[in-house]
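Here's the letter readout for the chains.
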Amino acid sequence: MTPTVFRALPDPNGEQETRITREQEKQMTREQKKQMTREQKKQMTRKEREELEEDMIEAIFIPLPFTTKIMDSPPYKSSDPEWQAFVKVSKDWKLRRSIQDSLADLVRKAAQASPALVQRCGADMKLGRYWLEIHYPNRPPPVFVHKGLAIGDYGVSIVEEPIDTVAAVWLSRALYPTVLTESLWAFSATLMKQNAANLAKLLGYDQKSPPPPPLQQATEKVQQIKKQAAKSESRESGSLSSANAQASDGSSAGSSSIEKKPAESSPAPGSSPASPNSSVIPILPGAESGKPRSAKDMYGIKHTQGHTSGAWSAFKQKFGQTWRPMRELPPRGAILVNGLVEISTKRAFITVDCSAWWDPKTKRYDPKTASFRLRSLRMKNQAPSRR
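Residues numbered from 1 in each chain as written. Predicted model: local features only at pLDDT ≥ 70, side-chain atom pairs only at ≥ 80, totals over all residues. Heavy atoms only, no water.

**Overview of the pattern of salt bridges**
Enumeration over the complete set of coordinates arrives at 8 salt bridges. Among the salt bridges present, the one from glutamate 160 reaches lysine 69, with a minimum N-O distance of 3.4 Å. Note that glutamate 160 is positioned in strand β7 (residues 155-163) and lysine 69 in strand β4 (residues 69-71), a separation of 91 residues in sequence. Salt bridges linked by common partners bring Asp105, Arg108 and Lys109 together as one network. (Salt bridge = Lys/Arg side-chain N within 4 Å of Asp/Glu carboxyl O. Helix = DSSP H or I, 4+ residues; strand = E, 2+ residues; numbered from the N terminus.)

If you want it as structure tokens, here you go:
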């Protein structure tokens, strides 16, 4: 059976006619079908135009949860443009040298932007030696796909569609919050141990502290003897002062007692005495009398914060150990460049372990996938730690 041929008007330039067969029309993408000229559509029959419009209707895709997975891409072919770009880069020595120099300069700028390195090593950073290797990947980076229901004119079917890397990683962290779960477990375990220890103290089952060493026992005995001697001296001085007070006349004693009464009756500034019949609410410790109490003083938030401070520290420590920043996949056709870069200053030598992807399309490094890590730090003038 001969394929159907759609007749069309010649090109405006008059060079050749546009002929579209049924097989070519099936291989056309949706965007190419939209860009078809009116004259080409007029040459079609009514049935063919209806089929074309039905193909242009986009199907509704409903993703299914817990179906996201990562799949390896097929290896490059010799005819792929990415592989041909690799061949051009491998044959151009000057281009490869400029790729290495640009990465070394990026490492130097990143080191200069670090306040800790500038404070310790100085701001006058210069490039030293570096060893950078260029790797050409055999296949593109993997892709994330997820399954879903496709509802269209042909019915309902389960299909797989690619998904963005960032969206896939965030979705995985939302559905499987392992970092948050481990941190909450550390918080709960620390809080339970703390409550168990407090309950043991209340019930009298607290573990006794180990006995002090002999030297500490001797010093404690000497201090107890000194305290007892001081107490005996204070008692003797007190007995002498009481005898002198009894020898004094009664008028002076009476006048002194009269003068002391108003002093005792007047309350001290800042105090708030509360009798059983009075309706004044006693002020909590730590709050001033002239100012109203805050919510923290009224509801015991400060006490709760002090009680959970240890558990909160365990939560933050575990979260810092397990959390990793989200790293995207390199672009398709990118070249991997990694190695060591040495930076010299007046005070030290800094060695950085770097890794980045260079994109031949943009002639630049992808900042989202670059990784710089401090390898070693050698001070030029090193003093002994102990003298």
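**Details of the nonpolar core**
Counting residues in hydrophobic clusters, the biggest one holds 24 residues, and the most contacted among them are Leu103, Val337, Val341, Ile343, Ile350 and Tyr365. Put simply, the parts of the chain that give this core at least two residues each are α5 (81-91), α6 (93-112), α7 (115-121), β5 (126-135), β8 (335-344) and β9 (348-359). Residue contributions to this core peak at 6 residues, all from β9. Sequence-distant contacts of tyrosine 365, that is, excluding residues within four places in its chain, are made with Ile99, Gln100, Ser102, Leu103, Leu106, Val337, Ala356, Trp357 and Trp358. (Core = buried A, V, L, I, M, F, W, Y, C linked by side-chain atoms within 4.5 Å. Buried < 20%, exposed > 50% of the residue type's maximum accessible area, 1.4 Å probe, protein only. Contact = heavy atoms within 4.5 Å.)

**Re unusual backbone geometry**
Positive phi, normally seen in glycine, also occurs at phenylalanine 66, with a value near 60°. With respect to the element layout, phenylalanine 66 can be found in the loop between β3 (60-63) and β4. By relative accessible area, phenylalanine 66 is classed as exposed at 56%. You will see that lysine 363, though not glycine, has its phi angle at about 60°, which is positive. Along the chain, the position of lysine 363 falls in the loop between β9 and β10 (364-365).

**A word on the packing of helix α9 (residues 178-203) against helix α14 (residues 309-322)**
Between α9 and α14, the least distance of the axes is 8 Å, while the angle of their chain directions is 155°. As judged from the angle between their axes, α9 and α14 are roughly antiparallel. Remark: the crossing between α9 and α14 carries right-handed chirality. Residues Val179, Leu180, Glu182, Ser183, Leu184, Ala186, Phe187, Thr190 and Leu191 of α9 form the contact with α14, whose participating residues are Gly310, Ala311, Trp312, Ala314, Phe315, Lys318, Phe319 and Thr322. Considering only residue class, the contact of α9 with α14 consists of 11 nonpolar, 4 polar and 2 charged. (Axes fitted to C-alpha atoms, helices over the stretch in contact; angles between N-to-C directions. Parallel < 35°, antiparallel > 145°, perpendicular 65-115°, else oblique. Left-handed = near helix turned anticlockwise from the far one by under 90°. Nonpolar A, V, L, I, M, F, W, Y, C, P; charged D, E, K, R; others polar.)

**Observations regarding the pairing of β9**
Taking burial as the measure, the 12 residues of β9 include 9 buried ones, the bulk of the element. The pairing of β9 with β10 spans 2 bridges and is antiparallel. Its bridge partner being in β10, tryptophan 358 is matched across the sheet by tyrosine 365. (Pairing = 2+ DSSP bridges.)

**Description of α6**
Here α6 contains 20 residues, and its C-alpha end-to-end distance of 29 Å stays within 8% of the 28 Å for a straight helix at 1.5 Å per residue. Of all the positions in α6, only Ile99, Gln100, Leu103, Ala104, Val107, Arg108 and Ala111 are classed as buried. Where α6 begins, one side-chain oxygen reaches toward the backbone nitrogen of lysine 94, 3.4 Å away; that side chain belongs to aspartate 92. (Expected span 1.5 Å × (residues − 1). Polar contact = N/O pair within 3.5 Å; in protein donor to acceptor, adjacent residues only side chain to side chain.)

**Focus: the packing of α5 against α6**
At a closest axis distance of 5 Å, the pairing of α5 and α6 adopts a crossing angle of 90°. Taken together, the axes of α5 and α6 are roughly perpendicular relative to one another. For the pair α5 and α6, contact is made by Val89, Ser90 and Lys91 and by Trp93, Leu95, Arg96 and Ile99, respectively.

**Topic: the packing of aromatic side chains**
The description of two aromatic rings rests on the distance between their centres and on the angle between their planes. For the structure shown, the criterion picks out 7 aromatic pairs. A centroid spacing of 5.9 Å and a plane angle of 65° characterise the contact between tryptophan 83 and phenylalanine 86, whose relative ring orientation is edge-to-face. Of this pair, tryptophan 83 and phenylalanine 86 both sit in helix α5, separated by 3 residues, roughly a single helical turn. Tryptophan 83 sits in the partly exposed class, given a relative accessible area of 29%. Ring geometry for phenylalanine 315 versus phenylalanine 319: centroids 6.3 Å apart, planes at 15°, classification stacked. Of this pair, phenylalanine 315 and phenylalanine 319 both sit in helix α14, 4 residues apart, which is roughly one turn of that helix. Given the relative accessible area of 13%, phenylalanine 315 is considered buried. In this structure phenylalanine 319 comes out as partly exposed when scored by relative accessible area, which is 31%. What links up through ring pairs into an aromatic cluster is the set Tyr76, Trp83, Phe86 and Tyr136. (Phe/Tyr/Trp six-rings, centres within 6.5 Å; stacked < 30°, edge-to-face > 60°.)

**Topic: the confidence of the model for the chain**
Mean pLDDT for the chain: 75, with 64% of residues reaching 70 or above. Within the chain, no element has a lower average pLDDT than strand β1 (residues 5-6), which sits at 37, and none a higher one than β8, at 96. The low-confidence segment residues 1-23 (pLDDT under 50) makes 33 contacts with residues lying over four places distant or belonging to another chain. Per-residue pLDDT stays below 50 along residues 247-287; that stretch engages in 9 contacts with residues further than four places along the chain or on separate chains. (pLDDT = per-residue confidence, 0-100.)

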